[in-house]
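# A structural walkthrough
As a plain string of letters, each chain reads:
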Amino acid sequence: MTNIIRPNFGSRSREEEAAEIAPSEEGYQPLHVYGTAAGYIVVLLEDARGPEGRALKVVIGPASGNVLEAVAMMPATDAGRVDADAMAMAVLRTLEIVEQGREPMPA
């Protein structure tokens, strides 16, 4: 997972590793579609193909396309689902703010 948000927040170049891309034609069925904003869709998928076993993935991709990229991964547990829901809603809200073209509020 090279495109997952990590606590080092950009200290590593994105070009160092190839991004993991999951085309929709691989047969993923969304557990939940959170919505679309700024031309992107935010979806929750369950994936058991990785070395970690069953996992929940918050993925994002162009609303009109068929390529999704994972932005967060949690264990496929009840607690993992709560975390995945919170993460997905934060991503969706961020996209809504970008779509509206608002300036960030001063800290």
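For every chain, the first residue of its written sequence is number 1, and the numbers climb from 1 along that sequence. With pLDDT at 70 or above as the cut-off, local features in this predicted model cover only qualifying residues; side-chain atom pairs require 80 or more to be listed or tallied, and sums for whole chains, interfaces and linings still use all residues. Here the side-chain values reflect all heavy atoms present in the structure, with hydrogen atoms and water set aside.

To qualify as a helix, a DSSP run of H or I must reach at least 4 residues; to qualify as a strand, a run of E must reach at least 2; elements of each kind are numbered from the N terminus. Topologically, Lys 57 is positioned in strand β4 (residues 55-62). Residues adjacent in sequence count toward polar contacts only when both atoms are side-chain atoms; beyond that, a polar contact is any pair of N or O atoms within 3.5 Å, and within protein one must be able to donate a hydrogen and the other to accept it. A polar atom in the side chain of Lys 57 sits 2.9 Å from the side chain of Asp 47.

Moving on, we come to the nonpolar core. Core analysis: the biggest nonpolar cluster contains 16 residues, and Tyr 34, Val 42, Leu 44, Val 58, Val 91 and Leu 95 have the highest contact counts within it. Taken together, the elements giving at least two residues each to this core come down to β2 (32-37), β3 (40-47), β4, β5 (67-75) and α1 (78-100). Considering each element in turn, this core owes the most residues, five residues, to α1. Definition of nonpolar core: a set of buried residues of the types Ala, Val, Leu, Ile, Met, Phe, Trp, Tyr and Cys, connected through side-chain atoms within 4.5 Å. Burial classification: accessible surface area is computed with a 1.4 Å probe over protein chains only, and a residue below 20% of its type maximum counts as buried, one above 50% as exposed, and the rest as partly exposed.

On to the confidence of the model for the protein, then. The predictor attaches a confidence to each residue, called pLDDT, with possible values from 0 through 100. Looking at the protein, pLDDT values average 79 and 70% of them are 70 or higher. Scored below 50 in pLDDT, residues 5-25 makes 29 contacts in the model with residues more than four places away or belonging to other chains. Throughout, a residue-residue contact means that at least one pair of heavy atoms, one from each residue, lies within 4.5 Å.

What a helix should span is 1.5 Å times the count of its residues minus one. Here α1 is 23 residues long and its end C-alpha atoms lie 33 Å apart, about the 33 Å a rise of 1.5 Å per residue gives. Residues of α1 that are buried include every one of Gly 80, Ala 84, Ala 88, Val 91, Leu 92 and Leu 95, and no others. Gly 101, located one to two residues past α1, shows a positive phi value of around 70 degrees.

As a further point, take the pairing of β4. With seven of eight residues buried, β4 is to be regarded as a mostly interior element. We call two strands paired when DSSP finds no fewer than two bridges between them. As paired elements, β3 and β4 share eight bridges and run antiparallel to each other. In the strand pairing of β4, Leu 44 is matched with Val 58. Relative to β5, β4 is paired through six bridges, and the arrangement is antiparallel. When the bridges of β5 are listed, Lys 57 appears paired with Met 73.

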